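Given next are the chains, with one letter for each unit.
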Amino acid sequence: MATTTQHCKTCGRTLIKIPRSQYEMCPACQTVNLFNSKLKDCILTRLGQYVNAGTSQNQDALQGQPPQTKTSSQQTVPPAAVKVDRSYRILRPQLSRLTLSRIHQQTPQVHGKKRAVLCGVTYNGHKKKLEASVHNVRSMQQLLQNKLGFPSASIRVLTEEESDPSRIPTKCNIEEALRWLVQGCQSGDSLMFYYAGHGCKVVDEDGDETDGYDEALCPVDYREAGKIIDDEINATIVAPLPHGVTLHSVIDTCFSGTLLDLPFLCNINQDGLYMWEEHQLTNKGTSGGKALCISACADDQNSADTSAFTGNAVGALTFSFIQAMETESKLTYGRLLSSMRKKVCQAQQVVGRFAPFASSTSQEPQLSCSTRFEIYSEPVML
C-alpha cells in the first residue's frame, strides 16, 4: 500500500523509515517520529527505550567499543539507529525531540553581564563600497537588544555614520573596542563580537598557520593604518577569557573561516555529519573560557551581500543568522549551522543574487571553537 512521504518538522528533509520499527528518522538532524501517528500512545515508552539505547551505542562507538547487542527477550534497537561514517568518525548521538527537550531544561541559563561590539565598515568612496554594512549592524543590534537581552549601554557600535569620532571603525578604534569587550569580564558573562566588512589574507610571518596565511579584517583606514590580523584578534579577545565566560563572534566577511585562530574547526558534510579538525600549529586557546566563531565562509572562500532575501542588499550570513535566532526554538549549534547553510545555498540559486561574487560555491558558513563539543545537543546561549 502506498504511503505519504513525510518530512522532518525540524529541518524539512524527507524522513526515512527505520527497518523493523514504527519510527521514521531524519537523516540530517536525527529527529525521530512515529511512522504511524495512531500508535503514539501505546509506544511512547518504547520510544524512550529506543533513544536511550541508540545513545548508548554511539557512546560505545566513541570509545572504540563495538555496540552492545540486546538479547531476544529485550528491546531490539533497529540497525539504522547507529550511523557511522568511516571518514567522519562517530559524529552525533541519535537524539529525539524528547531527549533534546531534557538537554535544554538541564542546561543552565546565561547569567552575568552581557556586552557586545558591533562593527560595520562601508568604505565610503572606495570602488568596493559595501552598502549593507550599516544595515547589518543595526539588524544585529536589534536582535541583541530585543531578543537576547543585551542592554543598549553595553553595546558599542562602530560605523562610518557615527557622530562620535571614537566610534568610526578605524584600526585604532576597533582595537580599543575589542579591549573594552573583554575588560573585567567574569564567570557568567556573555560577550559578542560582530563584524561586517572586507576581509583578506596576508602571508603568515610567524609560522602558526597551516595554510601559510593569516586572515585579517580591513578597517576603514586599512591603507594607512594596516589590517587587523587573526593573531592580534586572538590575543585580544580569546586568550584572556577566564573560566565561565563565553564569547560568540559572528564574522560576515571573506576568508573568515578561522579568523579568530581558534583551535578547532567543525568540518561538516552535506548529510550533517561532522568532525572537529585541529586547526593550529601553536596553542591559541582561552584562559579557561569558551570562544566560538560563526563565520561567513571558509578561509579560501568569498562571501558577499545579497538582495535575494529581502530585495535589498544584506549580508547573507547576517540575515541567515538573525532569522535562525529569531524563528528557531531550542536552537542547537548544529541546527543553527545547518539552517544558515541552507538559506545561503537558496540565495546562491537565485539568478543575479550575489555581487560581486557569483560562484555557486562562493560561500559556506563555518563554525570554530576553543573546545570540541556535540553540536547537535548543545543549545545556542548568548
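In this text the structure is predicted, and so the values were computed from the model without any measurement.

A. View of the environment of Glu160. Note on placement: Glu160 falls in the loop between strand E5 (155-158) and helix H4 (171-182). In sequence terms Glu160 and Ser133 are 27 residues apart; their C-alpha atoms lie 9.7 Å from each other. At 2.9 Å, the side chain of Glu160 and the backbone nitrogen of Tyr123 are in polar contact. Here Asn124 takes part through its backbone nitrogen, which lies 3.2 Å from a polar atom of the side chain of Glu160.

B. Quick peek at the sheet that holds strand E7 (residues 199-203). Ordered in space as E7-E8-E9, the three strands form an open sheet in which the pairing is antiparallel. Since the sheet does not close on itself, it has two edges, and those belong to E7 and strand E9 (228-229), each with one partner. Strand direction decides the pairing type here: strand E8 (residues 213-217) and E9, joined by two bridges, are antiparallel. What sits directly across from Ala216, in E9, is Ile229.

C. Geometry of the sheet that holds E5. Taken together, eight strands build an open sheet; the order of strands is E5-E4-E6-E10-E13-E17-E11-E12 and the sheet is mixed. Edge positions in the open sheet fall to E5 and strand E12 (274-278), since each of these has one partner strand only. Mean inter-strand twist for the sheet, computed between neighbouring axes without regard to direction, equals 15°. In this structure, strand E10 (residues 246-252) lies alongside strand E13 (residues 290-295), joined through six bridges in parallel fashion. Bridge assignment links Thr246 to a residue of E13, and that residue is Lys290. Against the sheet, helix H3 (residues 133-147) contacts strand E4 (114-120), E5, strand E6 (190-196) and E10, and its axis sits at roughly 165° relative to E4. Its contacts with the sheet place helix H7 (residues 316-327) against E6, E10 and E13, and it is angled at close to 135° to E10.

D. Focus on the confidence of the model for the chain. Confidence along the chain averages 77 in pLDDT terms, with 67% of residues attaining 70 or more. In this model residues 34-111 is a low-confidence stretch, pLDDT under 50, and it forms 120 contacts with partners more than four residues away in sequence or in other chains. Per-residue pLDDT stays below 50 along residues 351-360; that stretch engages in 25 contacts with residues further than four places along the chain or on separate chains.

E. Quick peek at the pattern of salt bridges. All chains considered together, the criterion is met by nine salt bridges. Residues Glu161 and Arg138 are paired through a salt bridge, measuring 3.9 Å at the closest nitrogen-oxygen approach. Of this pair, Glu161 sits in the loop between E5 and H4 while Arg138 sits in helix H3, and the two are 23 residues apart along the sequence. For Glu161, a relative accessible area of 57% gives the class exposed.

The rules behind the values
- Residues numbered from 1 in each chain as written.
- Predicted model: local features only at pLDDT ≥ 70, side-chain atom pairs only at ≥ 80, totals over all residues.
- Heavy atoms only, no water.
- Helix = DSSP H or I, 4+ residues; strand = E, 2+ residues; numbered from the N terminus.
- Polar contact = N/O pair within 3.5 Å; in protein donor to acceptor, adjacent residues only side chain to side chain.
- Pairing = 2+ DSSP bridges.
- Axes fitted to C-alpha atoms, helices over the stretch in contact; angles between N-to-C directions.
- Contact = heavy atoms within 4.5 Å.
- pLDDT = per-residue confidence, 0-100.
- Salt bridge = Lys/Arg side-chain N within 4 Å of Asp/Glu carboxyl O.
- Buried < 20%, exposed > 50% of the residue type's maximum accessible area, 1.4 Å probe, protein only.

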